[in-house]
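Listed below, chain by chain, are the residues.
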Amino acid sequence: MAEVYLHANIFRGQPFARAVRKAKSFGYDGMEAWFSHFRDRNDPVGSLTELKRVTDSEGVRMPVAPLSADLLVDDVSVRQDNLSRTVDYIGEVGALGFEWMNGYIGWLNAPNGSWHESGSVMAAGAHHERAVEGCAAMAKAAEEAGITITLEIHMRTPHDSAASAMRILDAVDSPRMMANIDSGNLHGVNHAESPTEAVDILGKRLGYAHLKNCRRFGEQADYHYPLWGGDLDYAVIIRHMHEQGYTGPYCIEYSGDGDRSYRAREDLNYVREILTDLNAE
């Protein structure tokens, strides 16, 4: 059965040790680390080392590290410095024993703040060239470090849809650079595809999957819902991924506010039931 991870950001604002204990007691297969629990964002490797000590002490796997780089800025020297530091970070994360890195390569924000006018719809040719150049260097570093990087399909990024992510991934063409489908993010952006359409577009470049639900109210999206309670039917989405041959891990990324522990446990039970049914067929 596919592995299911807990995203540490579900327990944002709470001690990381509590998130680890809950992941273990609920039966998650592992965790994805997030910046919200870093001691110092300016020392990501030191912060990850500290978090890993906690997971190791509890016997909990943490195979996924966070990635956030700004590779789209106009200033060449700043962009090159950002890429150099990102490449170094990838190597150091690999040395810590992580298997995956997930995140973003920069932001494109519309002046009015609308997600629907941001991201790939405002990306010019120069942005694509910078994205490909940066991702190619990151992929090479990942190959040397023995880890896989996934670009999360996320609003306001140049990879906010399956099509825009594939444009980058096809140009880089590395088995160490893949996509993370986030169906909730897709649902929140007008120019993105439906989750099942995105699965078909990504094909073999789909390496990871974030799970969260939301409801659309006009142009706005509200993410404060459990996996079973929003507009998206994850029984349909996960089934389609399964039928298309996806065997990678799933990560429950966000469950809204309120009692995080209750949501984290119930969302895991919901996903496990879907996966169990699929495996029994």
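Residues numbered from 1 in each chain as written. Predicted model: local features only at pLDDT ≥ 70, side-chain atom pairs only at ≥ 80, totals over all residues. Heavy atoms only, no water.

Visitor: Honestly, the state of the cysteines in this entry has me stumped. Any pointers?
Guide: What is meant by a disulfide is a covalent connection between two cysteines, made through their sulfur atoms. Using the criterion set out here, one finds 0 disulfides in the structure. Unpaired in this structure, Cys214 has its nearest cysteine sulfur neighbour in Cys251, at a distance of 17 Å. Overall, the relative accessible area of 0% leaves Cys214 in the buried class. (Disulfide = S-S within 2.5 Å. Buried < 20%, exposed > 50% of the residue type's maximum accessible area, 1.4 Å probe, protein only.)

Visitor: Quick question: what am I supposed to make of the pattern of salt bridges here?
Guide: It is possible for side chains of opposite charge to pair when their charged atoms get near one another. In this structure the tally under the stated criterion is 18 salt bridges. The salt bridge involving Glu99 is made with Arg61; its shortest N-O contact spans 3.0 Å. Of this pair, Glu99 sits in the loop between α3 (76-95) and β4 (100-104) while Arg61 is found in the loop between α2 (44-58) and β3 (64-68), placing the two residues 38 residues apart along the sequence. With relative accessibility at 38%, the residue Glu99 sits in the partly exposed group. Put simply, Lys212 and Asp182 hold a salt bridge, and the shortest N to O gap is 2.6 Å. On the criterion of sequence distance, the pair formed by Lys212 in the loop between β7 (206-211) and β8 (213-217) and Asp182 in strand β6 (residues 177-182) is long-range, its members being 30 residues apart. Assessed through its relative accessible area of 0%, Asp182 is described here as buried. (Salt bridge = Lys/Arg side-chain N within 4 Å of Asp/Glu carboxyl O. Helix = DSSP H or I, 4+ residues; strand = E, 2+ residues; numbered from the N terminus.)

Visitor: Looking at this model, I keep getting lost on the side chain of Thr86. Mind explaining?
Guide: Relative to the assigned elements, Thr86 resides in helix α3. Not counting residues up to four positions away in its chain, the partners in contact with Thr86 are Leu67, Ala69, Leu71 and Met138. (Contact = heavy atoms within 4.5 Å.)

Visitor: How should I be thinking about the packing of helix α8 (residues 234-243) against helix α9 (residues 260-280) in this particular structure?
Guide: Two quantities define a packed helix pair, namely the angle between the helix axes and the distance between the axes. Direction vectors running N to C along α8 and α9 enclose 45°, while the axes themselves pass 10 Å from each other. Compared by their axis directions, α8 and α9 come out oblique. The element α8 and its partner α9 pack so that their crossing is right-handed. Contacts between α8 and α9 involve Tyr234, Ala235, Ile238, Arg239 and His242 on the former and, on the latter, Tyr270, Val271, Ile274, Leu275, Leu278 and Asn279. Of the residues contributing to the contact of α8 with α9, the split by class is 8 nonpolar, 2 polar and 1 charged. (Axes fitted to C-alpha atoms, helices over the stretch in contact; angles between N-to-C directions. Parallel < 35°, antiparallel > 145°, perpendicular 65-115°, else oblique. Left-handed = near helix turned anticlockwise from the far one by under 90°. Nonpolar A, V, L, I, M, F, W, Y, C, P; charged D, E, K, R; others polar.)

Visitor: Even after reading the chapter, I still don't get the packing of α3 against helix α4 (residues 125-145), so can you show me in this structure?
Guide: Contact geometry for α3 and α4: axes closest at 9 Å, N-to-C directions at 25°. As the angle between them shows, α3 and α4 are arranged roughly parallel. The element α3 and its partner α4 pack so that their crossing is right-handed. For the pair α3 and α4, the contacting residues are Arg79, Leu83, Thr86, Val87, Ile90, Gly91 and Gly94 in the first and Arg130, Gly134, Ala137, Met138, Ala141, Ala142 and Ala145 in the second.

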